[in-house]
Amino acid sequence: MIHDRIRRARLLRGLSLEAVAQRVGDISKQGLNKFEKGDATPNSARLLQLAKALEVKPEYFFRPDAVQLAPLEFRKLASMPQKRQHQVGEQMRDHLERYISLERCFEVDGEPATMEPSRSMQVHSTAEAEHAAETLRARWNLGGDAIAHLTELLEEHGIKVALLDEQDGFDGACAATEDESHVLIALNQNRPGERLRFTAAHELGHWVMALPEDMPEKDKEACCNRFAGAFLYPQAKVLAEFGAHHRSRVLAVELLNAKRRHGISMALALRRLKDLNLITDAGYQGMNIQFSANGWRKSEPEPLRPERPRRFESLVYRALAEDLISLSRAAELMQCPVAELDPGLTHLPH
């Protein structure tokens, strides 16, 4: 319904009624509120004004079905104001809507990728979270090798991935439709690649693990962190590369080499030694002091480039090639002007 779309477009941009009224110029916030409540219906000229003010295409107001999301799980929830949470949630819902409508173009091609069921693994402790990660790696036939492209792996198993252009206060979140037939992991594309990969694995843990409802949030986060570490850097590899004996210290270059091999942060490699009891408390604390002194908590050596999920873009161009969608529809799905689409690769640099 148009009135709900107007409200959601405003949330999508993180704007107040007053801010939208100022952008439009010839309407009050009370008038906008009537549109959002359904007490008045905007004419076509007003819809064009609203589309421009809200930075959406006019087609946005006429999408057929709104996706209903289950409650969101945010990392660092307390650091995000309620207004920002609503905005990020709306961005995730918007991406899911576009993704699902795109997939419907290809429903005749058979069943989509099998998605890992939610809360399919009962976990009550960090040790069990480690085992859950090992179980999922075995289920997905990953062996013991490093995961070269995590976002691609997730999408191969039916989990949609989106990058959001966010600033401080947001790392990632997992959203699912109410019937849990679709799930989306949204990540902050402005984070270093190693942090982005960890967040994706952390959100995967939120999706697959059934944690006790009465477990404190801090412990739930600890379980998801342990899951992420074990999924990206399994125990067998840690033992092979650092040895199985209890060590009193570790060198920074060892952690950097683990980062290079497995696409993880140096901090995560160090934490894996702690989790697996391969380093003394004094050795662990000493290296943490070195991290702080060198500024590595904010910016580690050799930051990785963020991975970019490609399935959505590939489906858009496939639908365009098969004449299932128009060029303008492709632009709306990609959230860009038609001129920025380059299906013929005519804009490549020399």
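Residues numbered from 1 in each chain as written. Predicted model: local features only at pLDDT ≥ 70, side-chain atom pairs only at ≥ 80, totals over all residues. Heavy atoms only, no water.

Caption draft 1: Representation of the packing of helix α6 (residues 126-139) against helix α9 (residues 217-232) within the structure. Interaxial distance between α6 and α9 falls to 8 Å at its minimum, and their mutual angle equals 40 degrees. Crossing hand, α6 versus α9: right-handed. Residues Thr126, Ala127, Ala129, Glu130, Ala132, Ala133, Leu136 and Arg137 of α6 touch α9, and the partners they reach there are Ala222, Cys223, Arg226, Phe227, Ala230, Phe231 and Leu232. Broken down by class, the residue content of the contact of α6 with α9 amounts to 11 nonpolar, 1 polar and 3 charged. (Axes fitted to C-alpha atoms, helices over the stretch in contact; angles between N-to-C directions. Helix = DSSP H or I, 4+ residues; strand = E, 2+ residues; numbered from the N terminus. Left-handed = near helix turned anticlockwise from the far one by under 90°. Contact = heavy atoms within 4.5 Å. Nonpolar A, V, L, I, M, F, W, Y, C, P; charged D, E, K, R; others polar.)

Caption draft 2: A look at the packing of aromatic side chains. Scanning the entire structure with this criterion turns up 5 aromatic pairs. Between the aromatic rings of phenylalanine 227 and phenylalanine 231, the centroid separation amounts to 5.8 Å while the plane-to-plane angle is 10 degrees, which identifies the pairing as stacked. Of the two residues, phenylalanine 227 and phenylalanine 231 both sit in helix α9, 4 residues apart, roughly one turn of that helix. Under the relative-accessibility criterion, phenylalanine 231 is labelled buried at 0%. Through pairs of rings, three or more aromatic residues link up here, namely Trp140, Phe227 and Phe231. Sitting over the ring of tyrosine 60, arginine 5 keeps its end group 5.3 Å from the ring centre. Taking the ring centre of tyrosine 99 as reference, the NZ or CZ of lysine 160 above it sits at 5.2 Å. (Phe/Tyr/Trp six-rings, centres within 6.5 Å; stacked < 30°, edge-to-face > 60°. Buried < 20%, exposed > 50% of the residue type's maximum accessible area, 1.4 Å probe, protein only. Lys NZ or Arg CZ within 6 Å of the ring centre and 35° of its normal.)

Caption draft 3: Structural context of the pattern of salt bridges. By the definition in use, this model includes 30 salt bridges. Between arginine 311 and glutamate 103 there is a salt bridge whose closest N-O contact spans 2.8 Å. Taken together, the residues span a long stretch of sequence, with arginine 311 in helix α14 (residues 311-321) and glutamate 103 in helix α5 (residues 82-104) at a distance of 208 residues. Taking relative accessible area as the criterion, glutamate 103 reaches 16% and is therefore assigned buried. A salt bridge links arginine 197 to glutamate 307, with the shortest nitrogen-to-oxygen separation between them at 2.6 Å. Separated by 110 residues along the polypeptide, arginine 197 in helix α8 (residues 193-208) and glutamate 307 in the loop between α13 (281-294) and α14 bring together distant segments of the chain. For the pair arginine 197 and glutamate 307, one class covers both residues: buried. Salt bridges linked by common partners bring Arg5, Arg8, Glu90, Arg93 and Glu97 together as one network. (Salt bridge = Lys/Arg side-chain N within 4 Å of Asp/Glu carboxyl O.)

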